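Per-entry structural report
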Amino acid sequence: MAPDRRTDWWRDAVIYQIYIRSFADGDGDGLGDIAGIRSKLPYLADLGVDAVWINPWYPSPMADAGYDVSDYRSVEPRFGTLEEAEALIAEAHQHGLRVLLDIVPNHTSDRHPWFADALAAGPGSRARDRYVFRPGRGPDGDEPPNSWQSVFGGPAWERVTEPDGSPGEWYLHLFAPEQPDVNWEHADVWSDFEETLRFWFDRGVDGFRIDVAHSLIKQEGLPDAEDLEWPRRPVEVDGALHRSPWQPHPFWDRDEVHEVYRAWRKIADSYDPPRVFVAEAWVDEPERLARYLRADELHTAFNFTYLQAIWEAGYLRHVISETLAEQGAVGAPATWVLSNHDVARHVSRFARERSEPGSSVMQLLDLPADLDLGRRRARAAVLLTLGLPGGAYVYQGEELGLPEVEDLPDDVLQDPTWERAGHTDRGRDGCRVPLPWSGSAPPYGFSPEGSTAAPWLPQPGDWAGLTAEAETGDPGSMLELYRAALRLRRETPALGDGELTWLELPEGVLGFTRDPGFACVVNVTGTHAALPEGYDILLTSDDLGTEGRLPAATSAWLKRN
Ligand code: TEU
């Protein structure tokens, strides 16, 4: 039976991630906004993506760039108004683009009205029980209730002062102290998030990305955690992936979390067309990740094992095969992702020779970088990514080939990681620098002409060649490669959802065929690779030269002749 595009579009969608703060600034205050997004919808439609996912745009004190939400059913005034949000959703649909928002169910802002109520109502109250408050340890209760550490560094607990002025209980925050974790044992938490889903679904939103989808449930009794590595990345030994066996953790990926998503799926399915979810779950065991994708749970999940992979043919093949096997077993399509707003941009990752998988800036800084090589590999990688079965994500700016900005001055850094980790981790600002659209100097068209406010993070002085304007029409540019690949992907029946068959190729070369009549060959690190016989070239990531073979860090899309 032919798939129903109205309801199955997500099985092979290419979804463009809009990090709203840094996408386009419509009102000239140096911060991206809804007006900016609306002005770029023609650009996105022309790029050839199917949908956008917009990072949180709700009212927020911005302690963690909007992931500290103080009102889930409204819009941050610096980004615009609810009316503008509704207009954007309608206009995106007119451009053929679906819209996903970002829901943050693990924690609220400490400025959320619930948190003020919790502080005022005192220990033992229903209001306090919406969060995770506990008495401290030690004779005066001045030590945290357990050993848990925040993802951003330091203890995951903060002590409050009670209404009577006495030193009080502690509350849990797996992220910044301004992001208290909510208690998913509390009925109000369930009903309020369900109301938020409906609020936006009723306004035409097509789905949600779920922030830290695997962290909501904490183990009863909140036992101390051994310092389990997280995410627990597989290591490569002789081209195979090896992981330490999965073991339960007191807050990551607990089995009870699936109840939440079964309830959410019912809500999504009650709409016509059904709404969809993508899980942000840093769960590296593919079998554990696939549990989120069972038929009555979430539709898709980001594939972070792929994102973190090293540029090595055997490793890539194992990650791809494992993903397809485990997700296929539950009937879910894979989604492939190279970058997002939390990781070092992949041009800069691929510019390094790494032996360990990973994605953080700190893993890169000491390694020598060859950005030309990084760009070549990024070009090869996008043809691999868009050629694989399933859907894919494009993080804003990767279509321009932007590198990580690694030399932001200390005093402009805004990611809470920098302070929380005692200035040992520079955090994620380097992939969040505002986009260059046009012109030859900052703000490169990010803000309208005549704006007096500078972009919220400074842009490098050498990005004139990386603007959308400069790359448009240049056949060798990253932007034109993305446009060509996305156009072909739509026109080629073999691409999108489905299966692949691996080709057995020389060492360092990866390749597969897909029916009908398509092949993708990626020379990852091999010597010049011959193309399989019987195929014509559809698209290559770089020139092949006269001998017609694929140099290392080059890929080709082929069509059976
Ligand atoms: O991120 C979840 C998360 O824990 C990681 O991506 C983390 O930010 C990374 O390992 C760096 O330490 C989500 C959001 O994507 C992120 O931007 C938020 O900061 C975080 O949740 C808290 O809401």
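Thresholds applied
- Per chain, residue numbering runs from 1 following the sequence as it is written.
- The predicted origin of the model limits local features to residues at a pLDDT of at least 70 and limits the giving and counting of side-chain atom pairs to 80 or more, whereas totals for whole chains, interfaces and linings rest on all residues.
- To obtain the side-chain values, all non-hydrogen atoms of the structure were used and water was disregarded.
- One bridge is not enough; two strands pair if DSSP finds at least two bridges between them.
- Put simply, DSSP H or I for four residues or longer makes a helix, DSSP E for two residues or longer makes a strand, and each gets a number counted from the N terminus.
- Contacts: residue pairs with any heavy atoms within 4.5 Å of one another.
- Axis definition: a line fitted to C-alpha atoms, limited for helices to the stretch in contact. Angles are taken between N-to-C directions and run from 0 to 180 degrees.
- Only protein chains enter the accessibility calculation, which uses a 1.4 Å probe. A residue is then buried if its area is under 20% of the maximum for its type, exposed if over 50%, and partly exposed in between.
- Should an angle fall under 35 degrees it is taken as roughly parallel, and over 145 as roughly antiparallel, whereas 65 to 115 is taken as roughly perpendicular and any remaining angle as oblique.
- Helix crossings fall into two classes, left-handed where the near helix is turned counterclockwise from the far one by less than a right angle and right-handed where it is turned clockwise.
- Each residue is assigned to one of three groups, with Ala, Val, Leu, Ile, Met, Phe, Trp, Tyr, Cys and Pro labelled nonpolar, Asp, Glu, Lys and Arg labelled charged, and all others, Gly among them, labelled polar.
- Here the nonpolar core consists of buried residues drawn from Ala, Val, Leu, Ile, Met, Phe, Trp, Tyr and Cys, with membership extended through side-chain atoms lying within 4.5 Å.
- Using protein atoms alone on a 1 Å grid, points that fit a 1.4 Å probe yet trap it form a cavity, whereas open point sets bounded by protein on both sides within 12 Å along at least five of seven lines form a pocket; residues with an atom within 4 Å of a point count as lining.
- Grid points are joined across faces, edges and corners, and a volume is the space filled by probe spheres set on the points.
- Only one rule defines a salt bridge in this text: a Lys or Arg side-chain nitrogen within 4 Å of an Asp or Glu carboxyl oxygen.
- The predictor attaches a confidence to each residue, called pLDDT, with possible values from 0 through 100.
- We call a residue near a molecule or strand as soon as one heavy atom of that residue lies within 4 Å of the molecule or strand.
- Under this definition, polar contacts are N or O atom pairs within 3.5 Å; protein pairs additionally need one hydrogen-donor-capable and one acceptor-capable atom, and for neighbouring residues in sequence, both atoms have to be side-chain atoms.
- We get accessible surface area from the Shrake-Rupley algorithm with a probe of 1.4 Å; when it comes to residues, only the shown protein chains can shield them.
- Take the number of residues in a helix, subtract one, and multiply by 1.5 Å to get its expected span.
- Working note: the arc is built from the helix axis to C-beta atom directions.

**Let's talk about the sheet that holds strand 5 (residues 157-161)**
Reading across the sheet, the three strands line up as 4-6-5 and stay open at both edges, with antiparallel pairing between neighbours. Of all strands in the sheet, those bounded by a partner on one side alone are strand 4 (133-134) and strand 5.

**Structural notes on the sheet that holds strand 17 (residues 535-540)**
Taking strand neighbours across the sheet as the criterion, the five strands line up as 14-15-16-18-17 in an open arrangement whose pairing is antiparallel. Looking along the sheet, the strands with just one partner apiece sit at the ends: strand 14 (501-502) and strand 17. In this sheet, strand 15 (residues 509-514) lies alongside strand 14 in antiparallel orientation, the contact comprising two bridges. By the bridge assignment for strand 15, Trp502 is matched with Phe512. Those strands touched by helix 12 (residues 371-387) are strand 15, strand 16 (518-523), strand 17 and strand 18 (554-560), and its axis lies near 35° from that of strand 18. Relative to strand 17, helix 15 (residues 478-491) is tilted by about 135°, and along the sheet it contacts strand 17 and strand 18.

**Concerning the environment of Leu371**
When you line up the elements, Leu371 lands in helix 12. You can call Leu371 partly exposed: its relative accessible area is 33%. Put simply, Leu371 and Ala351 are 20 residues apart on the chain and 5.0 Å apart in space, counted from C-alpha to C-alpha. The contacts of Leu371, once residues within four sequence positions are left out, are Val347, Ser348, Ala351 and Pro403.

**Quick look at the packing of helix 6 (residues 187-202) against helix 7 (residues 257-269)**
To characterise two packed helices, one gives the angle between the axes of the helices and the distance between these axes. Packing of helix 6 against helix 7 leaves a shortest axis separation of 11 Å and a crossing angle of 30°. Here helix 7 runs roughly parallel to helix 6, going by the angle between their axes. Note that helix 6 runs across helix 7; the crossing there is right-handed. For the pair formed by helix 6 and helix 7, the contact residues are Trp190, Phe193, Glu194, Leu197, Arg198 and Phe201 on the first element and Glu259, Val260, Ala263, Trp264, Ile267 and Ala268 on the second. Broken down by class, the residue content of the contact of helix 6 with helix 7 amounts to nine nonpolar, no polar and three charged.

**Structural notes on the nonpolar core**
With 152 residues, the main nonpolar core has Tyr16, Leu44, Ile54, Trp57, Tyr261, Trp264 and Trp557 as its most contacted residues. Ranked by residue count, the leading element in this core is helix 15, at eight residues. The next biggest cluster of nonpolar side chains, apart from the first, holds 15 residues, and it includes Trp148, Trp157, Leu174 and Trp252.

**Some thoughts on the layout of surface pockets**
Quantified by volume, the second largest pocket comes out at close to 350 Å³. Around the second largest pocket, the lining is made up of 19 residues, and of these Asn183, Glu185, Ile217, Lys218 and Glu220 lie nearest the centre. Its residues assigned to classes, the lining of the second largest pocket comprises eight nonpolar, three polar and eight charged.

**Side note on the pattern of salt bridges**
What the rule picks out here adds up to 36 salt bridges. Ionic pairing is found between Asp46 and Arg483, a salt bridge with its closest N-O pair at 3.3 Å. Of the two residues, Asp46 is situated in helix 3 (residues 41-47) and Arg483 in helix 15; the sequence distance between them amounts to 437 residues. For Arg428, the salt bridge is made with Asp415, and the minimal N-O distance between the two is 2.7 Å. Of this pair, Arg428 sits in the loop between helix 13 (416-420) and helix 14 (468-471) while Asp415 is found in the loop between strand 13 (391-395) and helix 13, placing the two residues 13 residues apart along the sequence. Take Arg428: its relative accessible area is 13%, and that puts it in the buried class. In this structure, a network of salt bridges that share partners links the residues Asp64, Asp342, Asp415, Arg428 and Arg432.

**Notes on the confidence of the model for the protein**
Summarising the model, the protein shows a mean pLDDT of 95, and 98% of its residues fall at 70 or more. Within the protein, strand 8 (residues 235-237) has the poorest average pLDDT of any element, 71, and strand 1 (residues 14-18) the best, 99.

**A look at the packing of helix 12 against helix 15**
Put simply, helix 12 and helix 15 touch, their axes get as near as 10 Å, and they point 10° apart. If you check the angle between helix 12 and helix 15, you find them roughly parallel. Relative to helix 15, helix 12 is oriented so that their crossing is right-handed. Taking contact as the criterion, the partners of Arg375, Ala378, Arg379, Val382, Leu383 and Leu386 in helix 12 are, on helix 15, Met478, Leu481, Tyr482, Ala485, Leu486 and Arg489. Along the lines of polarity and charge, the residues of the contact of helix 12 with helix 15 split into nine nonpolar, no polar and three charged.

**Regarding the environment of Gly36**
Tracing the backbone through its elements, the reader meets Gly36 in helix 2 (residues 34-39). Residue class for Gly36 comes out buried when judged on its relative accessible area of 1%. The contact partners of Gly36, leaving out residues within four places of it in the chain, are Ala24, Asp25 and Gly26.

**So, the site of the ligand**
Within the structure, the ligand sits among 17 residues, and Asp64, Arg209, Asp211, Asp342 and Arg428 are positioned closest to it. Take Glu280: an N or O atom from its side chain is 3.0 Å from an oxygen atom of the ligand. With respect to the ligand, the side chain of Trp282 contributes an N or O atom lying 3.4 Å from an oxygen atom. Calculation on the ligand without its partners gives an accessible area of 490 Å², and the protein chains cover 90% of this total.

**As for helix 4 (residues 82-94)**
Here helix 4 contains 13 residues, and its C-alpha end-to-end distance of 19 Å stays within 8% of the 18 Å for a straight helix at 1.5 Å per residue. Along helix 4, the positions that sit buried rather than exposed are Ala85, Leu88, Ile89 and Ala92. Buried residues of helix 4 fall within an arc of 100° about the axis and therefore sit on the same side. Helix 4 presents Glu83 and Gln94 as exposed residues on the side facing more than 90 degrees away from its buried surface. Summarising the contacts, the buried residues of helix 4 are in contact with helix 2, helix 3, strand 2 (51-54) and strand 3 (98-103). Phi for Gly96, located one or two positions after helix 4, is positive at around 80°.

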